[in-house]
Amino acid sequence: MIKIGVITASDRASAGIYEDISGVAIQETLSDYLTSAHEIVYRCIPDVQATIEETMIELCDNEGCCLVVTTGGTGPALRDVTPEATEKVCEKMMPGFGELMRQVSLKYVPTAILSRQSAGIRGKSLIINLPGKPKSIRECLDAVFPAVPYCIDLIEGPYLECNEEVIKAFRPKQ
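Residues numbered from 1 in each chain as written. Predicted model: local features only at pLDDT ≥ 70, side-chain atom pairs only at ≥ 80, totals over all residues. Heavy atoms only, no water.

## A word on the packing of aromatic side chains
In plain terms, the rule: Centres within 6.5 Å make a pair out of two Phe, Tyr or Trp rings, where for Trp the six-membered ring is used; the pair is then stacked when the planes are under 30 degrees apart, edge-to-face when over 60, and tilted otherwise. The rule is short: NZ of Lys or CZ of Arg within 6 Å of the ring centre and within 35 degrees of the ring normal puts a charge over the ring.
Applying the stated criterion to the full structure yields one aromatic pair. One residue, K135, lies across the ring of Y108, its end atom 4.4 Å from the ring centre. For the cation-ring pair, R171 lies above Y159, with the distance from its terminal atom to the ring centre recorded as 3.8 Å.

Structure (C-alpha coordinates):
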(Lines give C-alpha, C1' and ligand atoms only; values in the text may rest on other atoms or scores of the structure.)
Protein backbone atom coordinates (compact mmCIF):
# COMPACT_ATOMS: atom_id res chain seq x y z
CA MET A 1 0.00 0.00 0.00
CA ILE A 2 1.31 3.44 -0.95
CA LYS A 3 1.55 5.70 2.09
CA ILE A 4 1.31 9.48 1.97
CA GLY A 5 1.89 11.65 5.01
CA VAL A 6 -0.08 14.80 5.78
CA ILE A 7 1.18 17.08 8.54
CA THR A 8 -0.62 20.15 9.82
CA ALA A 9 1.68 22.36 11.89
CA SER A 10 -0.65 24.53 13.96
CA ASP A 11 -0.65 25.33 17.66
CA ARG A 12 -4.39 26.07 17.65
CA ALA A 13 -5.55 23.15 15.49
CA SER A 14 -3.40 20.70 17.44
CA ALA A 15 -4.92 22.03 20.69
CA GLY A 16 -8.45 21.57 19.31
CA ILE A 17 -9.17 25.33 19.32
CA TYR A 18 -10.25 25.10 15.69
CA GLU A 19 -10.80 22.45 13.06
CA ASP A 20 -7.93 21.54 10.76
CA ILE A 21 -9.50 22.44 7.42
CA SER A 22 -6.08 22.69 5.72
CA GLY A 23 -5.13 19.09 6.44
CA VAL A 24 -8.54 18.01 5.18
CA ALA A 25 -8.03 20.08 2.00
CA ILE A 26 -4.75 18.30 1.29
CA GLN A 27 -6.33 14.88 1.79
CA GLU A 28 -9.28 15.74 -0.47
CA THR A 29 -6.99 17.13 -3.19
CA LEU A 30 -4.77 14.03 -3.13
CA SER A 31 -7.86 11.81 -3.32
CA ASP A 32 -8.96 13.79 -6.40
CA TYR A 33 -5.54 13.40 -8.02
CA LEU A 34 -4.59 9.79 -7.31
CA THR A 35 -6.03 6.61 -8.75
CA SER A 36 -3.33 4.51 -7.05
CA ALA A 37 -4.53 2.83 -3.88
CA HIS A 38 -3.04 4.81 -1.02
CA GLU A 39 -3.29 5.37 2.69
CA ILE A 40 -3.05 8.80 4.32
CA VAL A 41 -0.98 8.96 7.50
CA TYR A 42 -2.18 12.15 9.18
CA ARG A 43 -0.66 14.18 12.02
CA CYS A 44 -1.78 17.51 13.50
CA ILE A 45 1.01 18.92 15.65
CA PRO A 46 2.06 22.21 17.27
CA ASP A 47 4.38 24.73 15.60
CA VAL A 48 7.47 23.42 17.37
CA GLN A 49 10.49 22.79 15.15
CA ALA A 50 11.69 19.69 17.02
CA THR A 51 8.19 18.18 16.88
CA ILE A 52 7.86 18.93 13.16
CA GLU A 53 11.27 17.34 12.51
CA GLU A 54 10.41 14.25 14.58
CA THR A 55 7.08 13.86 12.78
CA MET A 56 8.67 14.17 9.34
CA ILE A 57 11.29 11.57 10.29
CA GLU A 58 8.59 9.26 11.66
CA LEU A 59 6.48 9.50 8.49
CA CYS A 60 9.43 9.09 6.11
CA ASP A 61 11.58 6.54 7.94
CA ASN A 62 9.16 4.54 10.09
CA GLU A 63 5.84 4.80 8.24
CA GLY A 64 7.46 4.61 4.79
CA CYS A 65 5.55 7.52 3.25
CA CYS A 66 6.83 8.28 -0.25
CA LEU A 67 5.29 11.74 -0.08
CA VAL A 68 4.82 13.96 2.97
CA VAL A 69 2.78 17.12 2.46
CA THR A 70 2.74 19.77 5.17
CA THR A 71 0.55 22.79 5.77
CA GLY A 72 1.17 25.65 8.14
CA GLY A 73 4.26 27.35 9.44
CA THR A 74 5.59 28.73 6.13
CA GLY A 75 5.12 32.46 6.77
CA PRO A 76 7.40 35.03 8.42
CA ALA A 77 5.86 34.81 11.93
CA LEU A 78 8.18 33.81 14.78
CA ARG A 79 6.44 30.43 15.23
CA ASP A 80 6.60 29.61 11.49
CA VAL A 81 9.38 27.02 11.37
CA THR A 82 8.20 24.32 8.95
CA PRO A 83 10.75 25.18 6.21
CA GLU A 84 13.56 25.10 8.80
CA ALA A 85 12.41 21.67 9.98
CA THR A 86 12.22 20.46 6.37
CA GLU A 87 15.72 21.67 5.60
CA LYS A 88 17.07 20.04 8.75
CA VAL A 89 15.68 16.56 7.95
CA CYS A 90 16.28 16.52 4.17
CA GLU A 91 19.41 15.46 2.31
CA LYS A 92 18.47 17.45 -0.80
CA MET A 93 16.39 20.59 -1.10
CA MET A 94 14.20 21.03 -4.18
CA PRO A 95 13.90 24.82 -4.57
CA GLY A 96 11.88 24.67 -7.78
CA PHE A 97 8.79 23.58 -5.85
CA GLY A 98 8.75 26.69 -3.64
CA GLU A 99 9.64 28.96 -6.56
CA LEU A 100 6.69 27.69 -8.61
CA MET A 101 4.25 27.80 -5.70
CA ARG A 102 5.11 31.43 -4.94
CA GLN A 103 4.87 32.33 -8.63
CA VAL A 104 1.38 30.81 -8.85
CA SER A 105 0.26 32.43 -5.58
CA LEU A 106 1.45 35.86 -6.75
CA LYS A 107 -1.30 35.77 -9.40
CA TYR A 108 -3.82 35.93 -6.55
CA VAL A 109 -2.20 37.83 -3.66
CA PRO A 110 0.78 40.21 -3.43
CA THR A 111 1.64 38.74 -0.01
CA ALA A 112 2.79 35.49 -1.68
CA ILE A 113 6.30 36.92 -1.46
CA LEU A 114 6.03 36.40 2.32
CA SER A 115 5.55 32.67 1.89
CA ARG A 116 8.47 30.32 2.42
CA GLN A 117 7.12 27.10 0.92
CA SER A 118 9.84 24.60 0.19
CA ALA A 119 10.41 20.96 -0.63
CA GLY A 120 13.13 18.41 -0.11
CA ILE A 121 14.13 14.77 -0.30
CA ARG A 122 14.68 12.56 2.71
CA GLY A 123 15.76 9.08 1.62
CA LYS A 124 12.97 7.79 -0.63
CA SER A 125 10.48 10.46 0.48
CA LEU A 126 9.55 13.81 -1.02
CA ILE A 127 8.47 16.44 1.52
CA ILE A 128 6.48 19.43 0.26
CA ASN A 129 5.55 22.44 2.42
CA LEU A 130 2.29 24.10 1.41
CA PRO A 131 0.58 27.28 2.58
CA GLY A 132 -2.20 27.17 5.17
CA LYS A 133 -5.32 28.25 3.29
CA PRO A 134 -7.33 25.52 1.51
CA LYS A 135 -7.73 27.59 -1.68
CA SER A 136 -3.97 28.25 -1.79
CA ILE A 137 -3.24 24.58 -1.07
CA ARG A 138 -5.17 23.52 -4.16
CA GLU A 139 -3.62 26.23 -6.35
CA CYS A 140 -0.11 25.25 -5.27
CA LEU A 141 -0.67 21.51 -5.58
CA ASP A 142 -2.24 21.98 -9.03
CA ALA A 143 0.98 23.73 -10.06
CA VAL A 144 3.59 21.33 -8.66
CA PHE A 145 1.87 17.94 -8.57
CA PRO A 146 2.46 17.10 -12.27
CA ALA A 147 6.16 16.70 -11.35
CA VAL A 148 5.58 14.76 -8.11
CA PRO A 149 5.06 11.22 -9.50
CA TYR A 150 8.23 11.44 -11.62
CA CYS A 151 10.20 12.85 -8.69
CA ILE A 152 9.08 9.89 -6.60
CA ASP A 153 10.09 7.55 -9.47
CA LEU A 154 13.58 9.12 -9.45
CA ILE A 155 14.03 8.56 -5.70
CA GLU A 156 12.93 4.92 -6.12
CA GLY A 157 9.53 5.31 -4.54
CA PRO A 158 6.28 3.65 -5.64
CA TYR A 159 4.64 4.35 -8.99
CA LEU A 160 1.88 6.94 -8.48
CA GLU A 161 -0.94 6.94 -11.00
CA CYS A 162 -3.13 10.01 -11.44
CA ASN A 163 -6.66 10.67 -12.60
CA GLU A 164 -5.76 12.39 -15.87
CA GLU A 165 -9.15 14.10 -15.99
CA VAL A 166 -8.08 15.99 -12.85
CA ILE A 167 -4.27 16.27 -13.09
CA LYS A 168 -1.80 14.95 -15.62
CA ALA A 169 1.48 13.63 -14.26
CA PHE A 170 4.51 14.33 -16.42
CA ARG A 171 6.90 11.49 -17.10
CA PRO A 172 9.48 11.65 -19.92
CA LYS A 173 8.82 9.40 -22.87
CA GLN A 174 10.79 6.15 -22.63
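## Thoughts on the side chain of D80
The following threshold applies: The numbering of helices and of strands both runs from the N terminus, where a helix is a DSSP run of H or I of at least 4 residues and a strand a run of E of at least 2. Only protein chains enter the area calculation, which uses a 1.4 Å probe; residues under 20% of their type maximum are buried, those over 50% are exposed, and those in between are partly exposed. Counted as positive: Lys and Arg. Counted as negative: Asp and Glu, with His and the chain ends omitted from the count. Whenever a carboxyl oxygen of Asp or Glu lies within 4 Å of a side-chain nitrogen of Lys or Arg, that contact is scored as a salt bridge. Distance and chemistry together define a polar contact, namely a pair of N or O atoms within 3.5 Å, with one atom able to donate a hydrogen and the other to accept it when in protein, and with adjacent residues in sequence counting only for side-chain atoms on both sides. Whether two residues touch is decided by their heavy atoms; if any such pair falls within 4.5 Å, the residues are in contact.
Here D80 shows up in the loop between β3 (67–71) and α4 (82–89). Buried and unpaired, D80 has R116 as its nearest opposite-charge partner, separated by 5.9 Å. Looking at D80, its side chain comes within polar contact range of the main-chain nitrogen of G75, at 3.2 Å. With near-sequence residues (within four places) excluded, D80 lies in contact with G73, T74, G75 and R116.

## Description of the pattern of salt bridges
All told, the structure shown has 12 salt bridges when counted by the stated rule. In this structure, the salt-bridge partner of R79 is D11, at a minimum N-O distance of 2.9 Å. Remark: D11 occurs in helix α1 (residues 11–14) and R79 occurs in the loop between β3 and α4; sequence separation between them is 68 residues. The partly exposed category is assigned to R79, whose relative accessible area is 43%. Residue D11 is classed as partly exposed on the basis of its relative accessible area, which comes to 28%. Between D142 and R138 there is a salt bridge whose closest N-O contact spans 3.1 Å. Here D142 pairs with R138, and both are found in helix α6 (residues 134–144), just four residues apart, close to one helical turn. Assessed through its relative accessible area of 35%, D142 is described here as partly exposed. The class for R138 is partly exposed, based on a relative accessible area of 26%. Three or more residues joined by partner-sharing salt bridges are found here, namely K3, R43, E58 and E63.

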